[in-house]
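One letter stands for each residue in the lines below.
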Amino acid sequence: MEKKRGIFKEFTEASRINPLMAVAMLWVSIMPALASTFLVPLALAKSAQLSEINFYDPLTGLLALLTAVALMGFALMPTTMLAALSGFLLGWSAFPWLVLGYTLATLLGYGWGKGLGQDSLDLLLEKYPKAKTLLDQKKGSIGELIFFVRLSPIIPFALSNLLFALMHSGWKKLVIFGTIGMLPRTTLVFLSGTMVSSMLEAIRSEGIGGKGWIFAGLLLLSIWGIWRFFRRDNR
């Protein structure tokens, strides 16, 4: 019986097949947390100036939009953190720009992921024919998977962009189902940001009560949806 290979060996194999994609995977897994340790304190230190931004001015909105697209599209900040900061510092006038921002960031992440990925997933799946067959069977209902992955509060936005690029999900499906899936968690986190008096309170407030139950519900629903997607027979 062939011994299962560890994750390090799998990553080594992926690096051999496509070094750029392996670096990209490391980037989207590590960089959001690292960059946030610098960007979040900076934003809080500039809270007075940021709170005065007028999002009804088209030029100001455009600059803010481009900033949000860059932060999320290049994995410089988690979408949930940006949503919480936006709600706390900027208010509801920033919400439409945030939604448009992660929609455009989806295109950016998918685009550079597809350019780097090429046929990396197919090469890796050659060693796992059952997994390849399963993914081939599910391609017709990929929108459902996208929705539940985006709904999850814990699956990183930038990482999922790369994975869907590797799976050749198609940018239209990713934008449509991804945007719908992102709306509940983005709205919840943004609302939390608007209702607290500091980011520290945002982290500590309410425990598992109130909006915490909604957060847990979204997580459980996304896990159930992803499990159902791969377990259901396509007939």
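Residues numbered from 1 in each chain as written. Predicted model: local features only at pLDDT ≥ 70, side-chain atom pairs only at ≥ 80, totals over all residues. Heavy atoms only, no water.

Let us now look at the overall build of the chain. Tallying secondary structure elements over the chain gives 13 helices and zero strands in all. Reading the chain from its N terminus to its C terminus gives the helix and strand order α-α-α-α-α-α-α-α-α-α-α-α-α. Counting over 235 residues, the chain shows a buried share of 41%. (Helix = DSSP H or I, 4+ residues; strand = E, 2+ residues; numbered from the N terminus. Buried < 20%, exposed > 50% of the residue type's maximum accessible area, 1.4 Å probe, protein only.)

Here we take up helix H2 (residues 19-45). In this model, H2 (27 residues) spans 38 Å end to end at C-alpha, consistent with the 39 Å of a helix rising 1.5 Å per residue. Along H2, the helix axis deviates most sharply at methionine 31, where the bend reaches about 40°; the proline proline 32 sits within four residues downstream. Taken residue by residue, H2 has Met21, Ala22, Ala24, Met25, Val28, Pro32, Ala35, Ser36, Val40 and Ala43 as its buried positions. (Expected span 1.5 Å × (residues − 1). Bend = angle between axes of the 7 residues up to and from the residue.)

Take unusual backbone geometry next. Trans is the prevailing form of peptide bonds, just as negative phi is the prevailing case for residues other than glycine. Although it is not a glycine, alanine 75 sits at a positive phi angle of roughly 60°. Relative to the assigned elements, alanine 75 resides in the loop between helix H4 (58-73) and helix H5 (79-89). For histidine 168, which is not a glycine, the phi torsion comes out positive at approximately 55°. Looking at where histidine 168 falls in the secondary structure, it is placed in the loop between helix H10 (157-166) and helix H11 (171-195). Residue classification places histidine 168 among the partly exposed residues on the basis of a relative accessible area of 37%.

On to the confidence of the model for the chain. Segments scoring low in pLDDT should not have their predicted coordinates read at a detailed level. In the predicted model, the chain carries a mean pLDDT of 76, and 66% of its residues have values of at least 70. At the level of individual helices and strands, the chain shows its lowest average pLDDT in helix H12 (residues 199-204), which scores 49, and its highest in H4, which scores 92. Counted against residues more than four places away or in other chains, residues 1-8, with its pLDDT under 50, gives four contacts. (pLDDT = per-residue confidence, 0-100. Contact = heavy atoms within 4.5 Å.)

Pairs of packed helices are described in terms of their axes, by the angle between the two and the distance that separates them. Where H2 meets H5, the axes come as close as 11 Å, and the angle between the chain directions of the two elements is 5°. Taken together, the axis directions place H2 and H5 in an arrangement best described as roughly parallel. Between H2 and H5, the contacting residues are Val40, Ala43 and Leu44 on the first element and Met81, Leu85, Phe88 and Leu89 on the second. Residues that form the contact of H2 with H5 fall into these classes: seven nonpolar, no polar and no charged. (Axes fitted to C-alpha atoms, helices over the stretch in contact; angles between N-to-C directions. Parallel < 35°, antiparallel > 145°, perpendicular 65-115°, else oblique. Nonpolar A, V, L, I, M, F, W, Y, C, P; charged D, E, K, R; others polar.)

The next thing to look at is the environment of serine 141. Considering the arrangement of structural elements, one finds serine 141 in the loop between helix H8 (129-138) and helix H9 (142-151). Here serine 141 falls in the buried class, since its relative accessible area comes to 18%. For the pair formed by serine 141 and serine 169, sequence separation is 28 residues and the distance between their alpha carbons is 9.8 Å.

To continue, consider the nonpolar core. One finds Met72, Met77, Leu82, Leu85, Leu98, Tyr102 and Phe157 to be the most contacted residues of the largest nonpolar core, which totals 20 residues. Contributions of two or more residues to this core are made by H2, H4, H5, helix H6 (95-117) and H11. (Core = buried A, V, L, I, M, F, W, Y, C linked by side-chain atoms within 4.5 Å.)

What follows covers the packing of aromatic side chains. For the structure on display, the rule yields four aromatic pairs. Aromatic side chains tryptophan 92 and phenylalanine 190 sit 4.8 Å apart centroid to centroid with 50° between the ring planes, which places their arrangement in the tilted category. Linking tryptophan 92 in the loop between H5 and H6 with phenylalanine 190 in helix H11, this pair joins segments that are 98 residues apart in sequence. For tryptophan 92, a relative accessible area of 43% translates into the label partly exposed. Considering the side-chain rings of phenylalanine 147 and phenylalanine 148, the 5.1 Å spacing of their centres and the 80° angle between planes classify their relative orientation as edge-to-face. Pairwise contacts between aromatic rings join Trp92, Phe95 and Phe190 into one cluster. (Phe/Tyr/Trp six-rings, centres within 6.5 Å; stacked < 30°, edge-to-face > 60°.)

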